[in-house]
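Now for the letters of each chain:
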Amino acid sequence: MSGRLEIRDLRVAYDRAIAVSVDHLGVAPGTLATVIGANGAGKSTLINAIANWSRAAPRLSGVITVDGEDFSRVSACDRARRGVVLVPEGRGVFMGLTVEENLRAGVGAARGAGGRAYALAEIYDLFPRLYERRRNVGAALSGGERQMLAIARALRMAPRLLLLDEPSIGLAPRLVALLLATIRTLVDGGLTVLLVEQNVVAALEVTDVLYLLERGRLIAGGSVAAMRDDPRIIAAYLGGGHG
Ligand SMILES: Nc1ncnc2c1ncn2[C@@H]1O[C@H](COP(=O)(O)OP(=O)(O)O)[C@@H](O)[C@H]1O
Ligand SMILES: [Mg+2]
């Protein structure tokens, strides 16, 4: 299994303000790690830094390795080519192309990535709804369908480490559960995933390791079993005081 992520001494700054300061974060191969935190905590800044992708071009320092290879100075494009694939927050799909055209577009670029490109048939098994909608254009899809398509496109790029920034944002609870269950299926199939999620209760159901980010720093992290009982998690996310 591949996709082991190790981050050391990562600092990300916009202008003069340090937005993220993480001394260590690790994701083991074939597991699902989830980063939670309030709005503005730095979740997107962190996950974008792993992909070296950002419109704002923040300053980065520190070391990011994937399967022991130093990716710190690798461009966003080459990281994606080498299997570090990001689905950014609110990522669009090609609105004028059908679902199937979206899934066929740009796949050639992924040759030689560290991971395995998912076949179209596998994608449709994972996301039956995309099969039903395969002849519909992106513009005709619901928010949930678009999010599924964005993830499916990432799977076509042969990820070894899949980075997902709030894929469930704006979705109805039933769809959130379905989407997270599908992500769990991917991980059970051997994929390594780092997920950013605001929906903590739903995320706890599928996650292996949970990290809590506050004002750019990881203030807690551990197995789901341990984190469920962490007073900081309970107070802030699980309706403190219960149990
Ligand atoms: N493009 C940017 N320019 C300047 N500051 C930014 C930019 N993007 C985010 N920030 C700041 O970085 C911090 C973390 O933001 P972000 O990573 O988007 O948090 P989250 O995803 O957890 O909501 C916030 O204080 C935010 O204002
Ligand atoms: Mg964000």
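Relevant structure appears above.
Summarised in this report is the structure supplied together with it. Fair warning: this is a prediction, and the values are worked out from it, not measured in the lab.

Moving on to the environment of Cys-77. Mapped onto the fold, Cys-77 is located in helix H2 (residues 76-81). For the pair formed by Cys-77 and Asn-48, sequence separation is 29 residues and the distance between their alpha carbons is 13 Å.

What follows is about the nonpolar core. A general tendency of soluble globular proteins is for nonpolar side chains to be buried together. In this structure, Phe-127, Leu-130, Leu-155, Leu-162 and Val-193 are the most contacted members of the largest nonpolar core, which totals 36 residues. Every element with two or more residues in this core is listed here: strand E6 (84-87), helix H3 (99-104), helix H4 (120-126), helix H6 (143-156), strand E7 (161-165), helix H7 (173-188) and strand E8 (192-196). Once residues within four sequence positions are removed from consideration, Val-193 is found in contact with Val-27, Thr-31, Leu-32, Ala-33, Leu-162, Leu-164, Ile-183 and Val-187. Core analysis: the next-biggest nonpolar cluster, separate from the first, contains 28 residues, Ile-7, Ala-33, Ala-51 and Tyr-211 among them.

Viewed as axis vectors pointing N to C, H6 and H7 meet at an angle of 10°, and their least axial separation amounts to 11 Å. The orientation of H6 relative to H7 falls into the category roughly parallel. The element H6 and its partner H7 pack so that their crossing is right-handed. Residues Gly-144, Gln-147, Met-148, Ile-151 and Leu-155 of H6 lie in contact with H7, whose contacting residues are Leu-175, Leu-178, Leu-179 and Leu-186. A breakdown of the residues in the contact of H6 with H7 according to their chemical character gives seven nonpolar, two polar and no charged.

Here we come to the coordination of the magnesium ion (ligand 2). Around the magnesium ion (ligand 2), the protein contributes the donor atoms Ser-44 (OG) and Glu-89 (OE), which lie 2.0 to 2.6 Å from the metal centre. Taken together, the residues Ser-44 in helix H1 (residues 43-51) and Glu-89 in the loop between E6 and H3 connect sequence positions 45 residues apart.

Conventions and cut-offs
Residues numbered from 1 in each chain as written. Chains lettered and ligands numbered in written order. Predicted model: local features only at pLDDT ≥ 70, side-chain atom pairs only at ≥ 80, totals over all residues. Heavy atoms only, no water. Helix = DSSP H or I, 4+ residues; strand = E, 2+ residues; numbered from the N terminus. Core = buried A, V, L, I, M, F, W, Y, C linked by side-chain atoms within 4.5 Å. Buried < 20%, exposed > 50% of the residue type's maximum accessible area, 1.4 Å probe, protein only. Contact = heavy atoms within 4.5 Å. Axes fitted to C-alpha atoms, helices over the stretch in contact; angles between N-to-C directions. Parallel < 35°, antiparallel > 145°, perpendicular 65-115°, else oblique. Left-handed = near helix turned anticlockwise from the far one by under 90°. Nonpolar A, V, L, I, M, F, W, Y, C, P; charged D, E, K, R; others polar. Donors = N, O, S within 2.8 Å, 3.2 Å for Na, K, Ca; no water.

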